[in-house]
Amino acid sequence: MQNGNTEKIWELLNTVPDPEIPVISVVELGVIRNVEYVNKTYLISITPTYSGCPAVKTFQDDIKICLSKNGIDNFDIKLVYFPAWTTDWMSDSTKKKLLKYGISPPSKKIICPQCKSTSTSLVSEFGSTACKSFHKCNECLEPFEHFKCI
Ligand SMILES: [Zn+2]
């Protein structure tokens, strides 16, 4: 597919899961800024989530593998750092998916993914990754992770 169909590229990118949260795609996460077709090359602009997030390399590799598998080799990935990624770029449906997956989505109010209680305590600023913090629900006592708001 060398005809400049950027829609198709978006479709393919939407099948690439976030390396840390497999239920959401890199498109849903909001890291894909733009897809352009310039000089017979698809130019994919990516804004990394948290600076220094080790997933950035994985994102790029996963995208390359996905596109190559679909016979697309005329693409370039460009990293764009400004404006910085923010959790506001995550759609409400993506946040709902996170909650269903057991991660409290980025929000001012932290919700327990198990019982939806807002009575929670911070256990640690860092969960399994630097992007998440670790909490415990005061109602059902379940521990859970919260995707930090930035
Ligand atoms: Zn709970």
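Focus on the coordination of the zinc ion
The zinc ion binds to the protein through C112 (SG), C115 (SG), C137 (SG) and C140 (SG); the donor distances cover 2.3 Å. Here the donor residues for the zinc ion map to a single chain with the spacing C-x2-C-x21-C-x2-C. Of the two residues, C112 is situated in the loop between β4 (103-104) and β5 (120-124) and C137 in strand β6 (residues 132-137); the sequence distance between them amounts to 25 residues. C137 gets classed as buried once you look at its relative accessible area, which sits at 1%.

Looking at the sheet that holds β5
Sheet architecture is open: 4 strands sit in the order β4-β7-β6-β5, paired in mixed fashion. Each end of this open sheet is capped by a strand with a single partner; those strands are β4 and β5. Bridging between β6 and strand β7 (residues 143-147) involves 5 bridges; their strand directions are antiparallel. Looking across to β7, one finds that F134 is bridged to E145.

Remarks on the pattern of salt bridges
Side-chain pairs of opposite charge can arise where the charged atoms are in close proximity. Enumeration according to the criterion identifies 4 salt bridges in this entry. For K97, the salt bridge goes to E28, with nearest N and O atoms at 2.7 Å. Here K97 is found in helix α4 (residues 92-101), whereas its partner E28 is found in helix α2 (residues 26-29), with 69 residues between them in sequence. K148 is the partner of E125 in a salt bridge, and the nearest nitrogen-oxygen pair spans 3.9 Å. Remark: K148 occurs in the segment after β7 and E125 occurs in the loop between β5 and β6; sequence separation between them is 23 residues. The exposure class of E125 is partly exposed, given its relative accessible area of 45%.

Thresholds applied
- Residues numbered from 1 in each chain as written.
- Predicted model: local features only at pLDDT ≥ 70, side-chain atom pairs only at ≥ 80, totals over all residues.
- Heavy atoms only, no water.
- Donors = N, O, S within 2.8 Å, 3.2 Å for Na, K, Ca; no water.
- Helix = DSSP H or I, 4+ residues; strand = E, 2+ residues; numbered from the N terminus.
- Buried < 20%, exposed > 50% of the residue type's maximum accessible area, 1.4 Å probe, protein only.
- Pairing = 2+ DSSP bridges.
- Salt bridge = Lys/Arg side-chain N within 4 Å of Asp/Glu carboxyl O.

Remember, this is a structural readout, not a statement about activity or role.
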